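Structure at a glance
Listed here are the chains, written in short residue letters.
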Amino acid sequence: MERIERFNDANALNNLAVDYKEGGSGLSVDRPKAIELFHRASELGSSQAHYNLGCIYFSGDGVAIDRKKAIHHWQIAAMM
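Let me sum up the structure you'll find in this document. (Residues numbered from 1 in each chain as written. Predicted model: local features only at pLDDT ≥ 70, side-chain atom pairs only at ≥ 80, totals over all residues. Heavy atoms only, no water.)

All chains considered together, the criterion is met by 1 aromatic pair. Look at Phe-58 and Trp-74: their rings are 5.3 Å apart centre to centre, the planes differ by 40°, and that puts the pair in the tilted class. A residue pair is termed long-range when its members are at least 10 positions apart, and Phe-58 in helix 4 (residues 47-59) and Trp-74 in helix 5 (residues 67-79) qualify at 16 residues. Looking at Phe-58, the relative accessible area reads 37%, which means it is partly exposed. (Phe/Tyr/Trp six-rings, centres within 6.5 Å; stacked < 30°, edge-to-face > 60°. Helix = DSSP H or I, 4+ residues; strand = E, 2+ residues; numbered from the N terminus. Buried < 20%, exposed > 50% of the residue type's maximum accessible area, 1.4 Å probe, protein only.)

See the structure below:
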């Protein structure tokens, strides 16, 4: 998995973030790592990562609830 993190592939980083968030692909759940990877993927242009960040900030899944950030990420995802 570390190999994926070294590359700037937005889709791969988003998928890896989902695995960390949900404990998929044999990984332990690691919400801070998932959030970090979602941010990296969003910076690389992943609309799905922006959508996922919106969901995280809306529900407070590993972060403080921040509806303003949630809406911001959802708006970016919608415009991509």
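Next comes the rest of the account.
Attention now goes to unusual backbone geometry. Its identity is not glycine, yet Ser-25 carries a phi of approximately 55°, on the positive side. Tracing the backbone through its elements, the reader meets Ser-25 in the loop between helix 2 (10-22) and helix 3 (31-43). Taking the relative accessible area as the measure of exposure, Ser-25 reaches 55% and is therefore exposed.

What follows covers the nonpolar core. Soluble, globular proteins show a tendency: their nonpolar side chains are buried together. Counting 15 residues, the largest nonpolar core has Leu-16, Tyr-20, Leu-37, Phe-38 and Leu-53 as its most contacted members. Only helix 2, helix 3 and helix 4 provide two or more residues apiece to this core. In terms of residue count, helix 3 provides more of this core than any other element does, 5 residues in total. (Core = buried A, V, L, I, M, F, W, Y, C linked by side-chain atoms within 4.5 Å.)

Okay, helix 4 next. The terminal C-alpha atoms of helix 4 lie 19 Å apart, and with 13 residues this matches the ideal 18 Å at 1.5 Å per residue to within 8%. Turning to helix 4, its buried residues number three or more, namely Ala-49, His-50, Asn-52, Leu-53, Gly-54, Ile-56 and Tyr-57. If you follow the buried residues of helix 4, they end up packed against helix 2, helix 3 and helix 5. Within two residues after helix 4, Gly-60 carries a phi angle of roughly 75°, on the positive side. (Expected span 1.5 Å × (residues − 1). Contact = heavy atoms within 4.5 Å.)

With that settled, consider the side chain of Asp-61. Relative to the elements of secondary structure, Asp-61 occurs in the loop between helix 4 and helix 5. A polar atom in the side chain of Asp-61 sits 2.6 Å from the side chain of Arg-31. When near neighbours in sequence (up to four residues on either side) are disregarded, Asp-61 contacts Lys-21, Arg-31, Ile-35 and Ile-56. (Polar contact = N/O pair within 3.5 Å; in protein donor to acceptor, adjacent residues only side chain to side chain.)

For the coordinates displayed, the defined rule picks out 3 salt bridges. One salt bridge in this structure joins Lys-21 and Asp-61, with 3.4 Å as the shortest N-O distance. Taken together, the residues Lys-21 in helix 2 and Asp-61 in the loop between helix 4 and helix 5 connect sequence positions 40 residues apart. Classification of Lys-21 by relative accessible area gives partly exposed; the value is 24%. (Salt bridge = Lys/Arg side-chain N within 4 Å of Asp/Glu carboxyl O.)

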